[in-house]
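# Close look at the chain arrangement
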Amino acid sequence: MAVAMAVLLAQPWYLAPEDWVGTWTAWGGALSVNAVFGAAIGLPTRGQTAAATAAVAAAYAVPGVVLSHAHASTAASNLIGYLVFAVAARSSATFVRRLGRDADEARRQAAVLAAEAERDRHRLLLHDQITIMRLLAEPGLEPGLVEVLRRQAAAGAARVRHFLEQSDADLAGADLAGACPADGGRTGAGRAEDGPSAGERPEVMLAELVRQAGEGFTDLPIDYAVDLAADVPVPPAVAGPLRAALATVLHNVRAHAAAGQVVVHADAPPGLGRWEVSVRDDGRGFDQARRPLGFGLRVQVSRALAEVGVESEIRSAPGAGTVVLLRGRPAER
């Protein structure tokens, strides 16, 4: 800016008056336009840009307008050009800066979401295992229950070890929502050792899937009413998350309900085009208005099933037990 203004003000000393305006000899004008353009881009505020543009225009006007009346109209149009260049450069620079800020904010949000996803992945893997370990730490457990919990703890330890040994690329594609069933991992979805991919796995019947999810809960007083779902196929993409969700519900019943009876019902009413699974206990229940859902019911059940198109509903009241309803569409044949 200082050099441009000095060149403009010095024009009367190195140019003839007839060359001050409207000729290629007066190279100071081109230099000063670049200076205005740079000021509009580089100065932090609009006020500073306006002040710099006015200063350069004034330095141009002294020899071009005040001292050279012959080219006053050309000089005036050039002065307007300073304003046009300043506005155009400032607008372009502002737009690019906003794009940069938006990109930075998008990267920040992506980093936050990635961190949340990583935390949820760890919690999905560890939530049910922590429940098992907490129960194992309680004194006075029945020997039969201790043996069941030990088998589940061993299976959970194997899954955690497998998780820790995976590379970042493996973790990005892992389906941990389906890798945490209570049956020791034998029916988990989304694991490389489970065999064929989800698109190649044979369909699972709903009644069989429900019984598989409850295999590790022989200590609970579960009554199964699933015969009407014996021929209802479940899509392979839904089977893993549904099995894991049912296991999580039963973990919650074991850990919190103190239930004397648990009824697991599965059915596909004719004409509705969907199946329904319910897990009902007569335990202590909870106040849904005052006590928000925990991670297991909120994420491992509701969110994980919603991602594969399965509806979930939870009803509970203090002293009246809890009902978990799951609804989805059968696989097409």
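My aim in this report is to walk through the structure given alongside it, one point at a time. Computed from a predicted model, the values in this text were never measured in an experiment.

With that settled, the discussion passes to helix α1 (residues 2–9). Those residues of α1 not exposed but buried are A4, V7 and L8. Along α1, the residues classed as buried sweep out an arc of 100° about the axis, all on the same side. Among the exposed residues of α1, those pointing more than 90 degrees away from its buried face are A2 and V3.

Turning our eyes to something else, we now look at a positive patch on the surface. Among the surface-exposed residues, R46, R97, R98 and R101 lie close enough to one another that they form a single positively charged patch. With three residues, helix α5 (residues 72–136) is the single largest residue contributor to the positive patch. Checked against the element boundaries, R98 lands in helix α5.

Further remarks concern the packing of aromatic side chains. Under the criterion given, the structure shown has three aromatic pairs. Taken together, a centroid distance of 6.4 Å and an interplanar angle of 65° make the contact between F37 and F85 edge-to-face. Pair noted here: F37 is in helix α3 (residues 28–42) and F85 is in helix α5, with a separation of 48 residues, a long-range link. On the basis of relative accessibility, which here comes to 38%, the residue F85 falls in the partly exposed class. Where Y60 meets Y82, the ring centres are 5.6 Å apart and the plane angle is 75°; that geometry is what we call edge-to-face. Linking Y60 in helix α4 (residues 46–66) with Y82 in helix α5, this pair joins segments that are 22 residues apart in sequence. Like Y82, Y60 is buried.

Spatial strand order, β2-β4-β5-β7-β6: five strands in an open sheet with mixed pairing. At either margin of the open sheet sits one strand with a lone partner, and together these are β2 (222–225) and β6 (311–316). Put simply, the sheet's adjacent strands are angled 10° from each other on average, direction ignored. The pairing of β2 with strand β4 (residues 262–267) spans four bridges and is parallel. Paired with A225 across the two strands is H265, which belongs to β4. Its contacts with the sheet place helix α8 (residues 206–213) against β2, β4 and β5 (275–281), and it is angled at close to 160° to β4. Packing of helix α9 (residues 236–257) onto the sheet brings it into contact with β2, β4, β5 and β7 (322–328), and relative to β5 it is tilted by some 15°.

Below, the discussion takes up the layout of surface pockets. Gaps between atoms show up when a probe of the same size as a water molecule is rolled over them. Of the pockets and cavities examined, the largest pocket occupies roughly 460 Å³. Lining the largest pocket are 23 residues; nearest its centre among them are N252, H256, F286, R291 and L297. Among the secondary structure elements, those contributing two or more residues to the lining of the largest pocket are α5, α9, β5, α10 (295–306) and β7. Take the lining of the largest pocket: its biggest share by element is five residues, from α9. Of the residues assigned to the lining of the largest pocket, the class counts are 11 nonpolar, eight polar and four charged.

As a further point, take the pattern of salt bridges. Evaluated as defined, the whole model comprises seven salt bridges. With its nearest N and O atoms 2.6 Å apart, the salt bridge here joins E105 to R108. Of this pair, E105 and R108 are both found in helix α5, three residues apart, which corresponds to roughly one turn of the helix. The class of E105 is partly exposed, set by a relative accessible area of 32%. Residue R290 pairs with D287 through a salt bridge whose shortest N-O separation is 3.9 Å. A residue is classified by how much of its surface remains accessible, and R290, at 74% relative accessible area, is exposed. The structure contains a network of salt bridges with shared partners spanning E276, E313, R315 and R327.

On to the nonpolar core, then. Grouped together as the largest cluster of nonpolar side chains are 37 residues, with contacts concentrated most on L206, V210, L242, L246, W275, V277 and L326. For this core, the secondary structure elements donating two or more residues are α8, α9, β4, β5, α10 and β7. Looking at this core element by element, the count peaks at 10 residues for α9. Beyond its immediate sequence surroundings of up to four residues, W275 is in contact with L206, V232, V238, L242, D267, A268, V310, L326, R327, G328, R329 and P330. Judged by nonpolar contacts, the second largest core, of nine residues, contains V56, A57, A59 and Y82.

Criteria and cut-off values
- Residues numbered from 1 in each chain as written.
- Predicted model: local features only at pLDDT ≥ 70, side-chain atom pairs only at ≥ 80, totals over all residues.
- Heavy atoms only, no water.
- Buried < 20%, exposed > 50% of the residue type's maximum accessible area, 1.4 Å probe, protein only.
- Helix = DSSP H or I, 4+ residues; strand = E, 2+ residues; numbered from the N terminus.
- Arc of directions from axis to C-beta.
- Patch = residues over 30% accessible without salt bridge, like charges linked within 9 Å, V, L, I, M, F, W, Y side chains within 5 Å.
- Areas by Shrake-Rupley, 256 points an atom, 1.4 Å probe, with all protein chains shown as cover.
- Salt bridge = Lys/Arg side-chain N within 4 Å of Asp/Glu carboxyl O.
- Lys, Arg positive; Asp, Glu negative; His and termini not counted.
- Charge placed at Lys NZ, Arg CZ, Asp CG, Glu CD.
- Phe/Tyr/Trp six-rings, centres within 6.5 Å; stacked < 30°, edge-to-face > 60°.
- Pairing = 2+ DSSP bridges.
- Axes fitted to C-alpha atoms, helices over the stretch in contact; angles between N-to-C directions.
- Contact = heavy atoms within 4.5 Å.
- 1 Å grid on protein atoms, 1.4 Å probe; cavity = no way out; pocket = protein on both sides within 12 Å on 5 of 7 lines; lining within 4 Å.
- Points joined across faces, edges and corners; volume = space filled by probe spheres on them.
- Nonpolar A, V, L, I, M, F, W, Y, C, P; charged D, E, K, R; others polar.
- Core = buried A, V, L, I, M, F, W, Y, C linked by side-chain atoms within 4.5 Å.

In short, the description is geometric, and any link to function would need to be established separately.
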